[in-house]
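Summary of the model geometry
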Amino acid sequence: MSTENLPQNPERPSRKPRVAVVSGGRSSEHGISVVTAGAVLKAIDRTKYEVLPIGITRDGRWALIADDPERMAITDRRTPDIEALAESQEGGVVLPVDPANREVVYSEPGSVPKALGEVDVVFPVLHGPYGEDGTLQGLLELSGVPYVGSGVLASAVGQDKEYMKRVFTSFGLKVGPYVVIRPREWERDESAARKKIVDFAGEHGWPLFVKPARAGSSIGITKVDDLSGLDEAIAEAQRHDPKILIEAAVRGREIECGVLEFEDGPRASVPAEIPPPDAHAYYDFEAKYIDSTPGIVPAPLTPEETAEVRGLAVDAFEAASCEGLVRADFFLTEEGDFVINEINTMPGFTPISMYPAMWQATGIGYEELVDRLIQAALRRSTGLR
């Protein structure tokens, strides 16, 4: 098969590479994405790269936003919003769809479109659907623009917790018990779908965790201690995703590990442990980002446990065909087994997030981490690889 018609990695420009940092998006994780973008914008070496900040509003409009990281922080327990950061409430940014042309254009009603210059790499700090799930990655593949992070397949697998678990199981990684309710099941026979969950609880016991199957940052997740809380938990999960995942509680310590792509392949960071937060039932959105519950870095594990979980994190990265970066989350059970809970292909990346904290403890600071991710993206071609 000839590869001459497939998108190829073009020659490097003589000017500084231009990095488009894309944040916001249509998912419920919009605000945390903007917080992450502020941290990334602050960390990018401006002597080495030119930067173009782009925001996607909650309704999907691509906007030019100010290069002002200070306005992208959590304030009074509230996350920032792209609408407030946009330079215009009507103007829009258009990415190229021709791999031979990387020119980004900005237009406003009644005005002549303005060329913003070529983009050499996109840093998509989007979390959740319409950004972390392969949709944006597909657009960038069509455009022939390299980007930070995993490709279409790995991003989609990393977003859908059901298929993520199926992939991990096929590669021999241990996962906890779970059951899935798809939207057609619920629409066809709601009582049968609910009975499926109740039967699962009868087999594995309470509590259960009811989750949107394709969301992150612990949004829409409810810990259900008994049957009385089940209906409300299902409704909350379905507010974020019509497909829901129900997991049995895995008794054990929460251990996380970061994976980063180096020139010679992926490597794992030192692991961290997430202790049970005092003011929360579990490590939910508020505990992660609002109350900033600290993790323990490095995790107090034996040398053998540390080596094992680092190896398993890389195995998970490879199993899902990931690129760039991943945070892999595990439970260490009382029996001494590591059970993988999930991976995040664009994990929380704020300065207080666990992924950069683990790499800081491994010897790679935040600024170097951002630079390595951009360089890894620039080394890759788009298209089949």
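The name given to the protein in an unreviewed UniProt entry is D-alanine--D-alanine ligase, with the source organism recorded as Streptomyces griseoruber. In its Pathway (unreviewed entry) section, UniProt records this for the protein: "Cell wall biogenesis; peptidoglycan biosynthesis." You can read under Sequence similarities (unreviewed entry) in the UniProt record for the protein the words "Belongs to the D-alanine--D-alanine ligase family."

1. Re the pairing of strand β2 (residues 50-56)
Most of β2 sits inside the fold, with six of its seven residues counted as buried. Taken together, the seven bridges between strand β1 (residues 18-24) and β2 define a ladder with parallel strand orientation. The residue of β2 that forms the bridge with R18 is E50. Since β1 and β2 lie parallel, the crossover through helix α1 (residues 30-43) that links them has a hand, and here it is right-handed. Of the strand pairs in this sheet, β2 and strand β3 (residues 62-64) are connected by three bridges, and their pairing is antiparallel. Each bridged residue has a counterpart across the sheet, and for I54 the counterpart in β3 is L64. Counted between consecutive antiparallel strands, the loop separating β2 from β3 contains five residues, among which G60 sits at a positive phi close to 100°.

2. Observations concerning the sheet that holds strand β10 (residues 222-224)
An order of β8-β11-β9-β10 is seen for the four strands of this open sheet, with the pairing classed as antiparallel. Each end of this open sheet is capped by a strand with a single partner; those strands are β8 (178-181) and β10. The average undirected angle you get between the axes of adjacent strands in this sheet is 25°. Its contacts with the sheet put helix α7 (residues 190-204) on β8, β9 (208-212) and β11 (244-248), and the angle it makes with β8 is roughly 175°.

3. Overview of the UniProt feature "binding site: Mg(2+) 1" (unreviewed entry) in the protein
Under the local residue numbering, the UniProt record ascribes the feature "binding site: Mg(2+) 1" (unreviewed entry) to D329 and E342. As for its placement among the helices and strands, D329 is situated in strand β15 (residues 325-333). Once you skip the residues sitting within four places of it in the chain, D329 turns out to touch I255, E256, V339, I340, N341, E342 and N344. Beyond its immediate sequence surroundings of up to four residues, E342 is in contact with K161, M164, K211, R327, A328 and D329.

4. A few points about helix α12 (residues 366-379)
Spanning 14 residues, α12 covers 20 Å between terminal C-alpha atoms, matching the ideal 20 Å at 1.5 Å per step. On its buried side, α12 packs onto β1, α1, β7 (121-124), β12 (252-262), β15 and α11 (354-362).

5. Details of the pairing of strand β13 (residues 265-268)
The sheet contact formed by β12 and β13 spans four bridges and is antiparallel. Paired with F262 across the bridge in β13 is G265.

6. Side note on the side chain of K165
Position of K165 among the secondary structure elements: in helix α5 (residues 161-170). Since its relative accessible area comes to 2%, K165 is described here as buried. Setting aside residues no more than four positions away along its own chain, K165 makes contact with V175, Y178, L245, E247 and N341.

7. Focus on the layout of surface pockets
The computed volume of the second largest pocket comes to approximately 300 Å³. Considering the residues around the second largest pocket, the lining is formed by 16 residues, among which V35, G38, A39, K42 and P351 are closest to the centre. Elements represented by at least two residues in the lining of the second largest pocket include exactly α1 and α12. It is α1 that contributes the most residues to the lining of the second largest pocket, five residues altogether. A breakdown of the residues in the lining of the second largest pocket according to their chemical character gives 11 nonpolar, two polar and three charged. Each of domain 1 (18-147) and domain 2 (158-174 + 251-366) contributes no fewer than three residues to the lining of the second largest pocket.

8. Section: the pattern of salt bridges
According to the stated counting rule, one finds 31 salt bridges in the structure shown. Between E256 and R327 there is a salt bridge whose closest N-O contact spans 3.6 Å. Taken together, the residues span a long stretch of sequence, with E256 in strand β12 and R327 in strand β15 at a distance of 71 residues. For the pair E256 and R327, a shared accessibility class is recorded, and that class is buried. Shared partners join several salt bridges into a network, and the residues in it are E141, E261, E323, R380 and R385.

9. Some points on the packing of aromatic side chains
Applying the stated criterion to the full structure yields five aromatic pairs. Judged by centre distance (6.0 Å) and plane angle (50°), the ring pair of F262 and W359 falls under tilted. Of this pair, F262 sits in strand β12 while W359 is found in helix α11, placing the two residues 97 residues apart along the sequence. Of the two residues, F262 and W359, neither departs from the other in class, the shared state being buried. An aromatic cluster is present here, built from F123, F349, Y355 and Y366 joined pairwise through their rings. In this arrangement the basic side chain of K165 is found over the ring face of Y178, its NZ or CZ atom lying 5.6 Å from the centre. Between R267 and the ring centre of F262, over which it is positioned, the NZ or CZ distance is 4.0 Å.

Scoring rules and cut-offs
- Residues numbered from 1 in each chain as written.
- Predicted model: local features only at pLDDT ≥ 70, side-chain atom pairs only at ≥ 80, totals over all residues.
- Heavy atoms only, no water.
- UniProt positions renumbered as here; feature names shortened; annotations may be inferred.
- Buried < 20%, exposed > 50% of the residue type's maximum accessible area, 1.4 Å probe, protein only.
- Helix = DSSP H or I, 4+ residues; strand = E, 2+ residues; numbered from the N terminus.
- Pairing = 2+ DSSP bridges.
- Right-handed = clockwise from strand over helix to strand, strands pointing away.
- Axes fitted to C-alpha atoms, helices over the stretch in contact; angles between N-to-C directions.
- Contact = heavy atoms within 4.5 Å.
- Expected span 1.5 Å × (residues − 1).
- 1 Å grid on protein atoms, 1.4 Å probe; cavity = no way out; pocket = protein on both sides within 12 Å on 5 of 7 lines; lining within 4 Å.
- Points joined across faces, edges and corners; volume = space filled by probe spheres on them.
- Nonpolar A, V, L, I, M, F, W, Y, C, P; charged D, E, K, R; others polar.
- Domains from an automatic or database assignment.
- Salt bridge = Lys/Arg side-chain N within 4 Å of Asp/Glu carboxyl O.
- Phe/Tyr/Trp six-rings, centres within 6.5 Å; stacked < 30°, edge-to-face > 60°.
- Lys NZ or Arg CZ within 6 Å of the ring centre and 35° of its normal.

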